[in-house]
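Residues per chain are reported as follows:
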Amino acid sequence: MKSKAAVAFGPNDLRMVEVDVEDPHPGEVMVKIAHTSVCHTDIYSLSGDDPSAIFPCILGHEAAGEVVKVGEGVESVEVGDHVIPLWKPECGKCDYCQKGLNFCSAISETQGQGVMPDGTPRFSYEGKPIYHFMGTSTFSEYTVLPEIALTKIDPEVPMDEVCLLGCGVTTGIGAVRNDAAVYEKATAAVFGIGTLGLAAIQELKRTQAERIIAVDIDSNKEEVARDFGATDFINSSELDRPVQEEIIELTDGGVDFSFVCVGNTDVMNAGLEATHKGWGESVIMGVAAGNDKISTRPFQLITGRTWLGTSFGGVTGRTGLSELVEEYSEGGIDLKPFISHRIAFDDIEQAIEWQENGESLRDILTF
């Protein structure tokens, strides 16, 4: 099968080419991607700063499409089904899945190596292998995934919106709902007003948090933060003292919860220190550079604060994401405000530029 794809041949070397896609092997599924979007994780890997990046590869992990071929033994989906690719697969059998955790180990080793479970890739270009990315590779018109890395969705659900549940929006919602378990009338601070942060704010509002403090270094983010539900906005770059001190004063001791949606370890530390002594919880969502480390004084933890991390908002792949899709279809999740532009897949470099410049939340790319 020939497929249009944006191939990352090396750091900052993205080229639109036609690749060959091999038919799915046993337990695998070929999907025709209808819509995909660019996430900062794709840009981070493309930059060359990601030590786990393998080149040449096909990036992309936030998408929706239609099943066009199934391999031997596939039972949960069939040709014609609409699906969301999962970078968080769910086999339902490993220790993690049995414990209800979204760290399925069934294919994690090969997924990290950029190949399918049998140790080989399904993409090639001019006879040479092209590697997979996060097990999804949605920057290709046709992609192949393991059956356990797909969530089947109702064909009536618009794929050009629900594709956004493949990563960022779900992470923001899930961090509030699953990892922090925010309660009514709680106070919260959200650091970084991009897709992750706004999804967290939207969920905090739905949970009826009493005070939602949005923090960013760009005052232009205030309007959108308030539109999503923020009650306060702080431009931390304009302060003459650490932002955590500002938050502590505003909230008489600190917020109940904080969510750090940027990959800056100093901000992660500020997020922890901005929470209240005795019960404050800080959830890290942002991905820092590969060798960066976070640190804090033990005092911050022995006085009752909790530091947490989240991956995909604690949402289990096939089962948990299906529930969110259903919630969206019933009007419980609003995805339209996250869509900044709708453009052709051929214009992917424009979408990357918008993301890098902070001019977009999410851009829907259509094949």
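In this text the structure is predicted, and so the values were computed from the model without any measurement.

**Q** Help me get a handle on the overall build of the protein chain, residues and values and all.
**A** Across its full length, the protein chain carries twelve helices and 18 strands. Computed over its C-alpha atoms, the radius of gyration of the protein chain comes to 20 Å, within 12% of the 21 Å expected for a compact globule of 367 residues. Structurally, the protein chain occupies a C-alpha span of about 60 × 40 × 40 Å along its principal axes. Going through the 367 residues of the protein chain one by one, you find that 55% of them count as buried. Surface summary for the protein chain: the accessible area is close to 15600 Å², and the carbon and sulfur share equals 47%. Averaging the locations of the 27 positively and 59 negatively charged side chains of the protein chain gives two centres separated by 3 Å.

**Q** Explain the sheet that holds strand 7 (residues 123–125) to me, using residue names and the numbers behind them.
**A** A sheet is described by the order of its strands in space; here five strands give the open sequence 4-1-2-7-8, paired in antiparallel fashion. Across the chains shown, the open sheet's two edge strands, defined by having one partner strand only, are strand 4 (57–58) and strand 8 (128–130). Relative to strand 4, strand 1 (residues 2–10) runs antiparallel, the two sharing two bridges. If you follow alanine 8 over to strand 4, its bridge partner there is cysteine 57.

**Q** Talk me through the nonpolar core; I want residue IDs and the actual numbers.
**A** Ile201, Leu204, Phe259 and Ile348 are the most contacted members of the largest nonpolar core, which has 95 residues in total. In terms of residue count, the dominant contributor to this core is helix 6 (residues 195–206) (six residues). Domain assignment of the residues forming this core places at least three in each of domain 1 (2–166 + 335–366) and domain 2 (172–311). What isoleucine 348 contacts, discounting residues up to four positions off in sequence, is Ala6, Leu14, Met16, Val38, Phe139 and Leu365.

**Q** Let's hear about the domain arrangement of the protein chain: which residues, and what values?
**A** Domain assignment breaks the protein chain into domain 1 (2–166 + 335–366) and domain 2 (172–311). On a C-alpha basis, the centroid separation for the pair domain 1 and domain 2 is 30 Å. Opposite the eleven residues of domain 1 that make contact, domain 2 presents twelve residues. Here domain 1 packs against domain 2, burying approximately 870 Å² in sum over the two surfaces, 67% of which is carbon and sulfur. Three residues, Tyr44, Phe338 and Leu361, lead the burial of domain 1 against domain 2; their summed loss comes to 52% of the area buried on that side. In this structure, the connection of domain 1 to domain 2 is made through zero salt bridges. The interface formed by domain 1 and domain 2 contains four residue pairs in polar contact (both at pLDDT 80 or more). Residues that form the side of domain 1 that touches domain 2 fall into these classes: seven nonpolar, two polar and two charged.

**Q** Can you lay out the UniProt feature "domain: Alcohol dehydrogenase-like N-terminal" (unreviewed entry) in the protein chain for me, pointing to particular residues and giving the numbers?
**A** In this structure's numbering, the residues bearing the UniProt feature "domain: Alcohol dehydrogenase-like N-terminal" (unreviewed entry) are residues 26–153. With 13% helix and 31% strand, residues 26–153 has its two end C-alpha atoms placed 22 Å apart.

**Q** Before we move on, could you go through the sheet that holds strand 12 (residues 211–216) and cite the residues and values that matter?
**A** A sheet is described by the order of its strands in space; here six strands give the open sequence 13-12-11-14-15-16, paired in parallel fashion. Each having just a single partner strand, strand 13 (232–235) and strand 16 (306–309) make up the two edges of the open sheet. Between one strand and the next, the sheet's axes are offset by a mean angle of 20°, whatever the strand orientation. Examined bridge by bridge, strand 12 and strand 13 share four bridges and lie parallel to one another. Counterpart to valine 215 in the pairing with strand 13 is isoleucine 234.

**Q** Account for the packing of aromatic side chains, with residues named and values stated.
**A** Scanning the model with the defined rule gives seven aromatic pairs in all. The interplanar angle of 25° and the centroid separation of 4.1 Å between the aromatic rings of phenylalanine 345 and phenylalanine 367 together place this pair among those described as stacked. Here phenylalanine 345 is found in the loop between strand 17 (339–344) and helix 12 (348–356), whereas its partner phenylalanine 367 is found in the segment after strand 18 (362–366), with 22 residues between them in sequence. Overall, the relative accessible area of 1% leaves phenylalanine 345 in the buried class.

Definitions and cut-offs
Residues numbered from 1 in each chain as written. Predicted model: local features only at pLDDT ≥ 70, side-chain atom pairs only at ≥ 80, totals over all residues. Heavy atoms only, no water. Helix = DSSP H or I, 4+ residues; strand = E, 2+ residues; numbered from the N terminus. Rg over C-alpha atoms; globule rule 2.2 N^0.38 Å. Buried < 20%, exposed > 50% of the residue type's maximum accessible area, 1.4 Å probe, protein only. Areas by Shrake-Rupley, 256 points an atom, 1.4 Å probe, with all protein chains shown as cover. Lys, Arg positive; Asp, Glu negative; His and termini not counted. Charge placed at Lys NZ, Arg CZ, Asp CG, Glu CD. Pairing = 2+ DSSP bridges. Core = buried A, V, L, I, M, F, W, Y, C linked by side-chain atoms within 4.5 Å. Domains from an automatic or database assignment. Contact = heavy atoms within 4.5 Å. Buried area = accessible area lost by both parts, 1.4 Å probe. Salt bridge = Lys/Arg side-chain N within 4 Å of Asp/Glu carboxyl O. Polar contact = N/O pair within 3.5 Å; in protein donor to acceptor, adjacent residues only side chain to side chain. Nonpolar A, V, L, I, M, F, W, Y, C, P; charged D, E, K, R; others polar. UniProt positions renumbered as here; feature names shortened; annotations may be inferred. Axes fitted to C-alpha atoms, helices over the stretch in contact; angles between N-to-C directions. Phe/Tyr/Trp six-rings, centres within 6.5 Å; stacked < 30°, edge-to-face > 60°.

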